[in-house]
Amino acid sequence: MVFVLAVCGTPGTGKTSVLDAFRDDDRVFTVTIAEVVKEYKLYSEYDDEMGACVMDECKVKKVVKKLIGNLRTVASCKALLIETHTPSVLPKRKSHAIVLQCDTHVLYDRLKARGYHQKKCEENVQAEIMQVVWEEAVERFGEKKVKCFVNNTREDQRAVVDYIREQIADYEKTQKK
């Protein structure tokens, strides 16, 4: 079995930075859904106005399910961390989730630094205010399987990474019994 943890959040909340802490850990496999969508062309169209692919959720769900199944055969892999802003593409029963959130002024500044245009920045800030990703994660996995973290600073990020490491260690202990 593999411990599956979704690392969710509005674009700009720090998902990639958190996963970067695990890139060299042989026990942990990391996947970024946005990269999978682009690489395998799992999108239905390209939204020119927003500058983003519109993913085909059915195709993404199939690829994620297959990936989890394949990882079960890799003895060294103990955890799969999946980065996404769309928790609905992940399997309900096998996953837990953390949702990263940040203050709207921090989020706006991060998105502007990425070169996002005004409308895209505003839409993402609005999604953060309305807690869209949090609500979708809770709807998908249930409140007991979702934990929320504020991720404004490097210190916040270290706390998230430490939490994930603890979850993986706890999972490994239960598998040894």
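Further up the page is the structure itself.
Now for a description of the structure that goes with this document. For clarity, every value in this text was computed on a predicted model and none was experimentally measured.

**Focus on the environment of Lys 41**
Residue position: Lys 41 is located in the loop between α2 (33-39) and β3 (43-47). Sequence spacing of Lys 41 and Cys 53 is twelve residues, and the spatial spacing of their C-alpha atoms is 9.2 Å.

**Focus on the nonpolar core**
Counting 26 residues, the largest nonpolar core has Ile 33, Val 60 and Leu 80 as its most contacted members. Of all the secondary-structure elements, those providing two or more residues to this core are β1 (3-9), α2, α3 (57-71), β5 (79-84), β6 (95-101) and α6 (132-141). When near neighbours in sequence (up to four residues on either side) are disregarded, Ile 33 contacts Met 55, Val 60, Val 64, Ile 82, Glu 83, Thr 84 and Val 89. Judged by nonpolar contacts, the second largest core, of 18 residues, contains Ile 98, Phe 149, Val 161 and Ile 164.

**Here we look at empty space enclosed by the protein**
If you walk through the whole model with that rule in mind, you get one cavity of 30 Å³ or more. The space that makes up the largest cavity amounts to roughly 40 Å³. Considering the residues around the largest cavity, the lining is formed by Gly 9, Thr 10, Val 99, Leu 100, Gln 101, Ala 127, Glu 128, Gln 131, Val 132, Val 133 and Trp 134. Per-class residue counts for the lining of the largest cavity are six nonpolar, four polar and one charged.

**Topic: the sheet that holds β1**
Note on sheets: strands pair through backbone hydrogen bonds, and any given pair is parallel or antiparallel. Taking strand neighbours across the sheet as the criterion, the five strands line up as β2-β5-β1-β6-β7 in an open arrangement whose pairing is parallel. Strands at the two margins of the open sheet, each flanked by one partner only, are β2 (28-32) and β7 (146-150). Adjacent strand axes in the sheet meet at a mean angle of 20 degrees, parallel and antiparallel pairs treated alike. With five bridges joining them, β2 and β5 adopt parallel strand pairing. Residue pairing across strands places Phe 29 opposite Leu 80, the latter belonging to β5. Across the sheet, helix α7 (residues 154-176) lies against β1, β2, β5, β6 and β7, angled at about 160 degrees from β1, the strand it touches most.

**Looking at helix α5 (residues 118-129)**
Along an α-helix, residues three or four apart share an orientation, since each turn contains 3.6 residues. Taking 1.5 Å as the rise per residue, α5 with twelve residues should run 16 Å; its terminal C-alpha atoms sit 16 Å apart, in good agreement. Along α5, the residues that are buried comprise Lys 120, Cys 121, Asn 124, Val 125 and Glu 128. Take α5 and look down its axis: the buried residues cluster within an arc of 130 degrees, on one side only. Tucked into the core, α5 has its buried residues touching β4 (52-55), β6 and α4 (104-113).

What counts, and at which threshold
Residues numbered from 1 in each chain as written. Predicted model: local features only at pLDDT ≥ 70, side-chain atom pairs only at ≥ 80, totals over all residues. Heavy atoms only, no water. Helix = DSSP H or I, 4+ residues; strand = E, 2+ residues; numbered from the N terminus. Core = buried A, V, L, I, M, F, W, Y, C linked by side-chain atoms within 4.5 Å. Buried < 20%, exposed > 50% of the residue type's maximum accessible area, 1.4 Å probe, protein only. Contact = heavy atoms within 4.5 Å. 1 Å grid on protein atoms, 1.4 Å probe; cavity = no way out; pocket = protein on both sides within 12 Å on 5 of 7 lines; lining within 4 Å. Points joined across faces, edges and corners; volume = space filled by probe spheres on them. Nonpolar A, V, L, I, M, F, W, Y, C, P; charged D, E, K, R; others polar. Pairing = 2+ DSSP bridges. Axes fitted to C-alpha atoms, helices over the stretch in contact; angles between N-to-C directions. Expected span 1.5 Å × (residues − 1). Arc of directions from axis to C-beta.

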